[in-house]
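One-letter residues, chain by chain:
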Amino acid sequence: MATFLYRLGRFAFRRRHFVALFWVALLTLAGVGAAGAPAAGTTSFSIPGTEAQKAFDLLEERFPGASADGATARVVFKAPAGEKMTDAENKATVTETVKELSDGSEVAAVTNPYQGGGVSQDGTIAYASVSYKVSGMELADSSRDALEGAAEDARDAGLTVEIGGDALQAMPHTGAAEIIGIGIAAVVLVITFGSLLAAGLPLLTAIIGVGIGVASITALASTLDLGSTTSTLATMIGLAVGIDYALFVVSRYRAELAEGREREEAAGRAVGTAGSAVVFAGLTVVIALVGLSVVNIPMLTKMGIAAAGTVAIAVLIALTMIPALLGYAGRRVRPAGRKSKLLGGGREKHKEGEDGEQRPNMGTRWARFVVRRPVAVLLLGVVGLGAAAVPASSLELGLPDDGSQPTSTTQRRAYDLLSEGFGPGFNGPLMVVVDAKDSDDPQTVFRQTGEDIKALDNVVTVTPAQPNKAGDTATITVIPDAKPSSVTTEELVHDIRDAGADIKAGSDAEVLVTGATAMNIDVSQKLNDALVPYLILVVGLAFLLLIVVFRSILVPLKAALGFLLSVLAALGAVVAVFQWGWLSGLMGVEETGPVMSMMPIFMVGVVFGLAMDYEVFLVTRMREAYVHGETPGQAVVTGFKHGARVVTAAAVIMIAVFSGFIGSSESMVKMIGFGLAVAVFFDAFVVRMAIVPAVLALLGRKAWWLPKWLDRILPNVDVEGEGLRTDDDKKDEDRELVRV
């Protein structure tokens, strides 16, 4: 592989006009496609294989035209102090508001609080339900404006009015913090390279890669039913890996220049060596993201595949466009160790010791310390990560609802008013669907089902069954006595399903529980059930890939175990902030609660891929030194000498980019950004920079052991660039080994 990539790098350097034109044309084509694409419609949230989804599909079949997937809104009214909603003046205001809400062309139905039991027992709070013919994502701005206008008119009349439901759902925004993250990345690149031009290349190529990826997602959003979170995730991961991959290639190019090679040769060797590491690092990320499809949640699958496509683009750009741009830059990109005149360069600066040799850099000094004290460093790293992982033992999972919104939003205030007037369970009603098509007496089944549910614990209200026109299917609404995200409500869902099993045994009628609350519970269970198989698949495939890269059994095993430490510690940090509330004000978390259900499996996938980036980049340098004749201890030091500075810069950049998404208005994006930033910090600076060299120092030559029979059958991908070595290279290395 090194030889092929070497030729590719030299080709891109020589034919830079063609390569640059190709990527610019691709960006233009994607941009034109995005500009001309129809607006994305509804983003379906189907969960195949769950009871809630089965019930939802049955509703669409047996209750045609009911707009089961249509947007909903609850307009909640509260009377002024000392008044009641049943007072004549307040009642007239609400009646006029209901009439105003009914005028929209997209409105399917509006319930009057005074006719549908929508007034609280104390008479101070009432609500009107509005259902629409289209989903929240398809709802026209005019319908939202009419909804908010009607509420404002009621406020002018003296009532407190808030709006809940998904009719007002807004597109998430990330705020200025994302730009700050990119700015920090730029500063780190300038410090790393000592050159504005060299620092600009990774930023430029990363932005082009993300532009192509996000524009393609936008162009295909309507056709493939892609949600707004899909492009956000692709941007987040694409920026991080795009900058990092380009950073490694440019760094290796400057190192090759420092060895005295011509620029075209240096570009070829940079792509042949660092480019090989980029390919395999990118493959691990792609495996982790595409592997999300095993969970069988279409939304998660699409997010993973779209982000994986953006990562693949980042890899291709690093292998082709970077050497092309280096060709354009010419002598303005300087060899390693030299700064531009603008940043204080212009002369060589060597820090020499008493023997006249250049003093070791920080990475070399740290590696030598770890090699001398491997046990102490290993214990400190493992104990530290173990302590950070302790909060993960209290992990509670759920999906966000209006109760997790900031208190400044009208959705959250409506949620609180409904809880105050009707009880916390009113915000998470359960819909029970009774399929009595195969029953001899459907009406009796409907009545008996309602009575059985009413007899269960933790039930406040059970509405009479509402049959369809055919009379073979009915819906029953159940109001729990606890909030939607509580363990009590989850137990009630399971109790209703257990009661339904008894009803089916006696009447052949099927009882199904659905609704947003039941769907959230089923999603959480499905994600929990898929976590172990997903972990085995992704880690297993990446383990096999790393065996090929490192030609070792213990190095990939150590990499996987280190990843588990990182992800557990990161989950512990997420629990501490988003569930326990530690530093919540600093992170902009206004409401604590259960951790998003998909967070563990998502972090396992993404963090594993990113963790393997640093493993490949750092350890391939060690492997390269080892196969060229250095002892295991020397190889560890050499790997840090050449790679520690760049890996540190890459980690800081990735942390900065991910941290930028903590400013998002979308709670899921905020949590993902924080979780990934913390995970990268733990993995790069604790696992890869401390635990990995400590373990390799303790293992010695055993670290690179591979059974002879396996060595014979494994393909030789030559990540260390052995095939690129000339006789002069070998003589130089022999002299270096003798000196060491």
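Residues numbered from 1 in each chain as written. Predicted model: local features only at pLDDT ≥ 70, side-chain atom pairs only at ≥ 80, totals over all residues. Heavy atoms only, no water.

J.: How would you sum up the overall build of the chain? Please name residues and give values.
T.: In terms of helices and strands, the chain carries 23 helices and 11 strands. Looking at the chain alone, contacts between residues at least 24 apart form 79% of all its contacts between residues at least 6 apart. Per element, the accessible surface of the chain, about 31700 Å² overall, is 58% carbon and sulfur. (Helix = DSSP H or I, 4+ residues; strand = E, 2+ residues; numbered from the N terminus. Contact = heavy atoms within 4.5 Å. Areas by Shrake-Rupley, 256 points an atom, 1.4 Å probe, with all protein chains shown as cover.)

J.: Can you explain the sheet that holds strand β3 (residues 125-132)? Please cite residues and give values.
T.: What the 4 strands build is an open sheet, ordered β2-β3-β1-β4; its pairing is antiparallel. Since the sheet does not close on itself, it has two edges, and those belong to β2 (107-110) and β4 (160-165), each with one partner. Pairwise comparison of adjacent strand axes, ignoring direction, gives a mean angle of 20° for this sheet. Looking at chain direction, strand β1 (residues 72-78) and β4 are connected through 6 bridges and run antiparallel. Bridge assignment links Ala-73 to a residue of β4, and that residue is Gly-165. (Pairing = 2+ DSSP bridges. Axes fitted to C-alpha atoms, helices over the stretch in contact; angles between N-to-C directions.)

J.: Report on the nonpolar core, specifying residues and quantitative values.
T.: Counting residues in each nonpolar core, the largest one holds 165 residues, and the members touching the most others are Tyr-245, Tyr-253, Leu-300, Met-603, Phe-658 and Phe-674. Leaving out residues up to four positions away in the same chain, Phe-658 has contacts with Met-236, Ile-237, Ala-240, Leu-610, Gly-673, Leu-676, Ala-677 and Val-680. (Core = buried A, V, L, I, M, F, W, Y, C linked by side-chain atoms within 4.5 Å. Buried < 20%, exposed > 50% of the residue type's maximum accessible area, 1.4 Å probe, protein only.)

J.: So what's going on with the packing of helix α2 (residues 16-36) against helix α7 (residues 196-224)? Which residues, and what values?
T.: Two elements in contact, α2 and α7, have axes separated by 8 Å at closest approach and are oriented at 30°. Our classification of the angle between α2 and α7 gives roughly parallel. As α2 packs across α7, the resulting crossing turns out to be left-handed. Between α2, through Trp-23, Leu-26, Leu-27, Ala-30, Gly-31, Gly-33 and Ala-34, and α7, the contact on the second element is made entirely by Ile-208, Gly-211, Ile-212, Ala-215, Ser-216, Thr-218 and Ala-219. Residues that form the contact of α2 with α7 fall into these classes: 9 nonpolar, 5 polar and no charged. (Parallel < 35°, antiparallel > 145°, perpendicular 65-115°, else oblique. Left-handed = near helix turned anticlockwise from the far one by under 90°. Nonpolar A, V, L, I, M, F, W, Y, C, P; charged D, E, K, R; others polar.)

J.: Requested: an account of the packing of helix α11 (residues 362-372) against helix α21 (residues 667-699), with residues and values cited.
T.: At a minimum axis separation of 8 Å, α11 and α21 run at an interaxial angle of 50°. Relative to α21, the element α11 is oriented oblique. Seen along the crossing, α11 lies across α21 with a hand that is right-handed. Contacts from Trp-366, Val-370 and Val-371 in α11 reach Met-689, Ala-690, Pro-693, Ala-694 and Ala-697 in α21. Looking at the contact of α11 with α21 residue by residue, the class counts come to 8 nonpolar, no polar and no charged.

J.: With reference to specific residues and values, describe the pattern of salt bridges.
T.: In this structure the tally under the stated criterion is 20 salt bridges. Between Arg-261 and Glu-256 there is a salt bridge; the shortest N-O distance is 2.6 Å. Residue Lys-558 is joined to Glu-615 by a salt bridge in which the shortest nitrogen-to-oxygen separation is 2.4 Å. Taken together, the positions of Lys-558 in helix α17 (residues 554-579) and Glu-615 in helix α19 (residues 599-627) put the pair 57 residues apart, joining distant regions of the chain. What you see here is one network of salt bridges that share partners, running through Arg-10, Arg-14, Glu-264, Glu-265 and Arg-269. (Salt bridge = Lys/Arg side-chain N within 4 Å of Asp/Glu carboxyl O.)

J.: Summarise unusual backbone geometry; cite the residues concerned and give the values.
T.: Positive phi, close to 65°, is recorded for Asn-458, a residue that is not glycine. Residue position: Asn-458 is located in the loop between α14 (442-454) and β7 (459-462). The backbone phi angle of Asp-508 is positive, close to 65°, even though this residue is not glycine. When you line up the elements, Asp-508 lands in the loop between α15 (487-507) and β10 (510-514). For Asp-508, a relative accessible area of 51% translates into the label exposed.

J.: Can you break down a negative patch on the surface residue by residue, with the values?
T.: Together, Asp-457, Asp-481, Glu-490, Glu-491, Asp-495, Asp-498 and Asp-502 line one region of the surface with negative charge. For Glu-490, the location among the structural elements is in helix α15. (Patch = residues over 30% accessible without salt bridge, like charges linked within 9 Å, V, L, I, M, F, W, Y side chains within 5 Å. Lys, Arg positive; Asp, Glu negative; His and termini not counted. Charge placed at Lys NZ, Arg CZ, Asp CG, Glu CD.)

J.: Give me the environment of Ala-414: which residues, what numbers.
T.: The residue Ala-414 is located in helix α13 (residues 410-422) in this model. Using a relative accessible area of 1% as the deciding quantity, one classes Ala-414 as buried. The sequence separation of Ala-414 and Lys-78 amounts to 336 residues, and the corresponding C-alpha distance is 9.9 Å. Aside from chain neighbours lying at most four places away, what touches Ala-414 is Val-76, Glu-162, Ile-163 and Gly-164.

J.: Just give me the short version of the environment of Val-161, but keep the residues and values in it.
T.: Of note, Val-161 is situated in strand β4. Sequence-wise, Val-161 and Val-76 are 85 residues apart; in three dimensions their C-alpha atoms are separated by 5.6 Å.

J.: Now, about the confidence of the model for the chain: what can you tell me, with residues and values included?
T.: Confidence in the prediction of the chain, expressed as mean pLDDT, is 83, and 89% of residues score 70 or more. Put simply, helix α23 (residues 727-739) is where the chain has its lowest mean pLDDT, 47, and helix α12 (residues 374-389) is where it has its highest, 94. Low pLDDT, under 50, characterises residues 346-357; the predicted model gives this stretch 14 contacts beyond four residues in sequence or across chains. Per-residue pLDDT stays below 50 along residues 733-740; that stretch engages in 8 contacts with residues further than four places along the chain or on separate chains. (pLDDT = per-residue confidence, 0-100.)

J.: Got a sec to walk through helix α5 (residues 141-156)? Specific residues and values, please.
T.: With 16 residues, α5 extends 22 Å between its outermost C-alpha atoms, agreeing within 8% with the 22 Å of an ideal straight helix rising 1.5 Å per residue. Among the residues of α5, those classed as buried are Ser-143, Arg-144, Leu-147, Ala-150, Ala-151 and Ala-154. Looking straight down α5, one finds that the buried residues subtend no more than 125° of arc, so they occupy a single side. Turned more than 90 degrees from where α5 packs its buried face, Asp-141, Ser-142, Asp-145 and Asp-156 sit exposed. (Expected span 1.5 Å × (residues − 1). Arc of directions from axis to C-beta.)

J.: Break down the pairing of strand β6 (residues 430-435) for me, citing the residues and quoting the values.
T.: Within a regular strand, the side chains alternate between the two sheet faces. Across the 6 residues of β6, 5 count as buried, placing the element largely inside the fold. Here β6 runs beside strand β9 (residues 473-480); their pairing, made up of 6 bridges, is antiparallel. In the strand pairing of β9, Asp-435 is matched with Thr-473. Judged from the 5 bridges that link them, β6 and β10 form a sheet pairing that is antiparallel. Bridge pairing in β10 places Val-433 opposite Leu-512.

J.: I'd like a rundown of the environment of Gly-421, residues and numbers included.
T.: On the secondary structure map, Gly-421 appears in helix α13. The exposure class of Gly-421 is buried, given its relative accessible area of 19%. Between the alpha carbons of Gly-421 and Thr-124 there is a distance of 7.5 Å; along the sequence they are 297 residues apart. Here Gly-421 is in contact with Ser-120 and Ile-125, once residues within four sequence places are set aside.

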